[in-house]
Amino acid sequence: MIMNELDCTACQMLVHGYLDKELDTVMAARVAGHLAVCANCARLHDQARRLKVSVKRHAPYYSAPVSLTANLFAPVAPQTRAVERWRKWFAPVFSATALALAVMLYVVTPASEQPLMDEAVSSHVRSLMGEHLNDVVSSDRHTVKPWFTGKLDFSPPVFDYSAQGFPLLGGRLDYLQHQTTAALSYGRAKHIINVFILPTQEADKPLQSQMVRGFNVVFWQENHMQFVLVSDLEKSELEAFSQLLKNGA
Amino acid sequence: MKRFEDLFAPHMDAAYNLARWLTGNDSAARDVVQESALRAFRFLHRFTDGNAKAWFLTIVRNESYTWLKASAGHHWVAIGDELPEDDAALSHGQTPELLAIHTENAMLVQQALCALPPIFREVIILKELEDMPYKDIALVADIPIGTVMSRLARARAMLKLELLKLHDHE
């Protein structure tokens, strides 16, 4: 019987496997034997059991919101014949729903812009890490805009949106895609929005948003300028702000 | 095609629950689950067979940590593995009456769980709320199966301390 004895240290660990029914019968018997004779371990066993029950009973279980599952596994909309034929072709490869998901997350952002988005997000994170959010700190666009003159070979639109709840905090020079970039920062409650503006030769592109490494990113091209907005702000708010910028610009 | 839906649709609650507990907010958890579903879809060919739930939750867990790190920025959140060992916590056994009272207080239980570092919070969620066996927890939490019991032992000891601490502050 000596060989079957457990010391308290071992027991206080094993008691968890015992409670979770993860021990084999021999080990479970040894733990039970020790608990029967050791008041201290028995008390700890009792507390651990109480904790288990308490978490099961009181910790909320967060079920997936219906809108989320509906998004991912959307029932297919009423089908026309063409769609039916199309599905026949593709059904073996993609379900329509999975395709919808893939389309939503892939195609919305053409690959060519992906490096820019990634860089913008990295720059956004860096700007928050150091004390280098702004080179010129001002909520006055007549201070910020002239500051860029001579530093850039294009003229970024600079406006203050305090009245709409997005005050201009300032501006700085950044460097994205091997180009000097204007970075404006705006506030929204406690969130910071970085607006990157850089010149491009390409034609206009409509507004699109996506998530990159947990940040919301909105992108568009207009008047030979690329706009990239990055923030931890909610997607809808960031998009609303983007509309403001688009119209103000 | 259907395979993706058949495999993962049944585990959306578990996915969202884990992401919600790890990130601590609804919109992040939604994003994490969406991103995880996309990844699962892209890497479906790597899933031969076995435990779809554990496989999917592994992705959800990784995405949750990616989010935690990104959102922390310079306010780096301790993931938990760098905490010093605290053996006192394991044998700390005072005030059993207070503990008994606090384990019945849903709000305190939730608060105490949220105060745990993620690597300890997650094993408790996977064990008590998902009722997963140790071998699946090992997969999801990316630790050897032999470590699951000690991780849970520490997690429960810390949870107990948090519950008692909360009382002290009332």
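Attention here is on the structure that accompanies the text.

What counts, and at which threshold
Residues numbered from 1 in each chain as written. Chains lettered and ligands numbered in written order. Predicted model: local features only at pLDDT ≥ 70, side-chain atom pairs only at ≥ 80, totals over all residues. Contact = placed C-beta atoms within 7 Å. Helix = DSSP H or I, 4+ residues; strand = E, 2+ residues; numbered from the N terminus. Nonpolar A, V, L, I, M, F, W, Y, C, P; charged D, E, K, R; others polar. Core = buried A, V, L, I, M, F, W, Y, C linked by C-beta atoms within 7 Å. Buried ≥ 20, exposed ≤ 12 C-beta atoms within 10 Å, placed from the backbone. Arc of directions from axis to C-beta. Pairing = 2+ DSSP bridges. Axes fitted to C-alpha atoms, helices over the stretch in contact; angles between N-to-C directions.

With respect to the interface of chain A and chain B
Then comes step 1: In this assembly, 46 residues from chain A lie in contact with 49 residues from chain B.
Then comes step 2: Of all the elements, helix α3 (residues 39–58) of chain A adds the most residues to the side of chain A that touches chain B, at 11 residues.
Then comes step 3: Classifying every residue of the side of chain A that touches chain B gives 26 nonpolar, 11 polar and 9 charged.

Notes on the environment of histidine 142 of chain A
Then comes step 1: With respect to the element layout, histidine 142 of chain A can be found in helix α8 (residues 141–148).
Then comes step 2: When the C-alpha atoms of histidine 142 of chain A and valine 158 of chain A are compared, they prove to be 8.5 Å apart, with 16 residues separating the residues in sequence.

Examining the nonpolar core
Then comes step 1: Ranked by internal contacts, the top residues of the largest apolar core, which has 63 residues, are Ala15, Leu18, Ala19, Val33, Val60 and Leu159 of chain B.
Then comes step 2: It is helix α10 (residues 145–168) of chain B that contributes the most residues to this core, 9 residues altogether.
Then comes step 3: Filtering out sequence-adjacent residues up to four positions away, leucine 159 of chain B remains in contact with Leu51 of chain A together with Ala112, Leu113, Leu116 and Ile124 of chain B.
Then comes step 4: In this structure, Val158, Ala183, Ile197 and Val218 of chain A belong to the second largest nonpolar core, which totals 33 residues.

Brief notes about α8 of chain A
Residues and elements named next belong to chain A.
Then comes step 1: Those residues of α8 that sit buried are Val144, Trp147 and Phe148. Within α8, the buried residues cover an arc of 100° as seen down the axis, which keeps them to one side. Facing away from the buried surface of α8 by more than 90 degrees, the exposed residues are His142 and Pro146.
Then comes step 2: Looking at the packing, one finds that the buried side of α8 touches β1 (136–137), β2 (168–176) and β3 (179–188).
Then comes step 3: Two residues or fewer after α8 comes glycine 150, characterised by a positive phi angle close to 90°.

A word on the sheet that holds β2 of chain A
All names here are of chain A.
Then comes step 1: If you walk across this open sheet you meet the 7 strands as β1-β2-β3-β4-β7-β6-β5, and the pairing is antiparallel. The open sheet has two edge strands, β1 and β5 (205–212), and neither has a second partner.
Then comes step 2: The pairing of strand β4 (residues 191–199) with strand β7 (residues 225–231) spans 7 bridges and is antiparallel. Its bridge partner being in β7, leucine 198 is matched across the sheet by glutamine 226.
Then comes step 3: Packed on one face of the sheet, α8 meets β1, β2 and β3 and runs near 15° to β2.

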